[in-house]
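Breakdown of the fold
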Amino acid sequence: MSTEEERFEPSRTIERNLGMELIRVTEAAALSAGRWMGKGNKEMVDQAAVDAMRHAVDGVDMHGVVVIGEGEKDEAPMLYIGEEIGNGSKPEVDVAVDPVDGTRLLALGLPGALAVIATAERGSMYSAPPGVYYMEKIAVGPGMKNVIDINAPITVNLDRIARARQSRIDDLTAVILDRPRHQDIIRQVREAGARIRLITDGDVAAAILAAMEDYRGIDIMLGIGGAPEAVLAAAALKCLGGEIQCKIWPRTEEERKRFKADGIDMDRVYRTDDLVSGNDVSFAATGITSGELLDGVQYFGWGARTSSIMMRSHSGTVRYIQARHKWRKGVVQN
């Protein structure tokens, strides 16, 4: 056998890939929610995606429990935290969903909205304490996972990444949510000399782009975002081999005092394996509006086209899936 042939090792398992089934779930959510692009109705955007995702997930061969979802049972009629989903067969898994990551993006017709779902072994996904909604985050790719420290100054982290990349700080690009709370972070990055890409929403996709070895448009994600999104990002980074570090972030001094009274450790650093400790993680996302990660849904008289990504930690495989959905057979595709 030649050296080139030895570099490819064919799969020796016949186990089912749950991620392939999850793609159908995110496709359903994207196809339904995409109809509301740019119509300014966030409520209908979310309802369309939730309804479609909940219906589609019933057919997945799994016994899932929603750990990250649309809220508590009294807040959400479907995909609520603790809801059992799937058809009840094995495997037993935790499930994290975001029917639309970027609801505002989709409602306004802006780029980067996704439908997202992830699974991991039962009991392996982190569930934030009640009342915890935000986390401070830093995310990078595989080559940088051992050099970052969320407690270190931003300049130190950028310098370490630049050295690991054998580059300069002004070669690096940081992606940051455009929020007033990030003014100091933006100032520090600018003073260090790195470039900045500000985004309005969608830090799950931002973390994925920062972690992808074959994408060099973003080197690091920084800032404060949703705690549920941190778990979804951790699931994706577990598949990519990247690293996310997070700390619980109180929005107000009153919230800080309440967290302290409840015994919540705001100094604890949650790493990728703390947020998703399982070793068989599947992640799937479908683009709803076109962005850097995925193209959005395109509709035609004969059907639609979707663009999705599927990842699995067990194998490290990343699949990009372009699909045509025909609901009028026999119609010529133009």
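Every value quoted in this text rests on a predicted model; they were computed, and no experiment measured them.

Conventions we followed
Residues numbered from 1 in each chain as written. Predicted model: local features only at pLDDT ≥ 70, side-chain atom pairs only at ≥ 80, totals over all residues. Heavy atoms only, no water. Helix = DSSP H or I, 4+ residues; strand = E, 2+ residues; numbered from the N terminus. Buried < 20%, exposed > 50% of the residue type's maximum accessible area, 1.4 Å probe, protein only. Contact = heavy atoms within 4.5 Å. Areas by Shrake-Rupley, 256 points an atom, 1.4 Å probe, with all protein chains shown as cover. Lys, Arg positive; Asp, Glu negative; His and termini not counted. Charge placed at Lys NZ, Arg CZ, Asp CG, Glu CD. Polar contact = N/O pair within 3.5 Å; in protein donor to acceptor, adjacent residues only side chain to side chain. 1 Å grid on protein atoms, 1.4 Å probe; cavity = no way out; pocket = protein on both sides within 12 Å on 5 of 7 lines; lining within 4 Å. Points joined across faces, edges and corners; volume = space filled by probe spheres on them. Nonpolar A, V, L, I, M, F, W, Y, C, P; charged D, E, K, R; others polar. Core = buried A, V, L, I, M, F, W, Y, C linked by side-chain atoms within 4.5 Å. Arc of directions from axis to C-beta.

A count of helical and extended segments in the protein gives 10 helices and 13 strands. Principal-axis analysis of the C-alpha atoms places the extent of the protein at approximately 60 × 60 × 40 Å. In the protein, which comprises 334 residues, the share counted as buried stands at 51%. Considering only residue pairs separated by 6 or more positions, the protein has 69% of its internal contacts joining residues 24 or more positions apart. Accessible surface, the protein: about 15900 Å² in total, of which carbon and sulfur atoms supply 47%. For the protein, the centre of its 41 positive side-chain charges and the centre of its 49 negative side-chain charges are spaced 4 Å apart.

By the element assignment, Arg54 lies in helix 3 (residues 42–57). Residue classification places Arg54 among the buried residues on the basis of a relative accessible area of 14%. Here the side chain of Arg54 touches Asp58 through a polar contact of 2.4 Å, side chain to side chain. When sequence neighbours within four positions are dropped, the list of residues in contact with Arg54 reads Met78, Leu79, Glu83, Glu84 and Ile85.

Inspection of the entire model under this criterion finds one cavity of 30 Å³ or more. One number sums up the size of the largest cavity: a volume of about 40 Å³. Breaking the lining of the largest cavity down by element, the ones donating at least two residues are strand 6 (173–177) and strand 8 (220–226). Looking at the lining of the largest cavity element by element, the count peaks at five residues for strand 8. Classifying every residue of the lining of the largest cavity by side-chain character gives seven nonpolar, three polar and one charged.

Within the largest apolar cluster, 54 residues are counted, with the highest numbers of intra-cluster contacts made by Met135, Ile208, Ile248, Leu275, Val276, Phe283 and Leu293. Top element by residues in this core is helix 8 (residues 227–240). It accounts for 11 residues. If we skip the residues at most four places from it in the chain, Leu275 touches Ser124, Met125, Tyr126, Met135, Ala230, Val231, Ala234, Ile244, Cys246 and Tyr270. By size, the runner-up hydrophobic cluster in this structure holds 34 residues, among which are Val25, Val93, Val95 and Ala115.

For the rest of this paragraph, the subject is helix 5 (residues 154–164). What sets the pattern is the α-helix's 3.6 residues per turn: residues three or four places apart point alike. Listed in full, the buried residues belonging to helix 5 are Ile154, Asn157, Leu158, Ile161 and Ala162. On an axial view of helix 5, the arc spanned by its buried residues comes to 135 degrees, and they lie on one face. Structurally, helix 5 contributes buried residues whose contacts are with strand 5 (134–140), helix 6 (183–192) and strand 8. Immediately downstream of helix 5, the backbone of Gln166 shows phi near 55 degrees, a positive value.

Approximately 1100 Å³ is the volume attributed to the largest pocket. As for the largest pocket, its lining consists of 39 residues, and the residues nearest its centre are Gly69, Tyr133, Gly226, Pro228 and Glu229. For the lining of the largest pocket, the secondary-structure elements that each account for two or more residues are helix 3, strand 1 (63–68), strand 3 (92–101), helix 4 (103–108), strand 8 and helix 8. Lining of the second largest pocket is provided by 20 residues; of these, Pro111, Gly112, Ile199, Asp201 and Glu292 occupy positions nearest its centre. Broken down by secondary-structure element, the contributors of at least two residues to the lining of the second largest pocket are strand 7 (195–199) and helix 7 (203–211). Looking at the lining of the second largest pocket residue by residue, the classes come out as 12 nonpolar, five polar and three charged.

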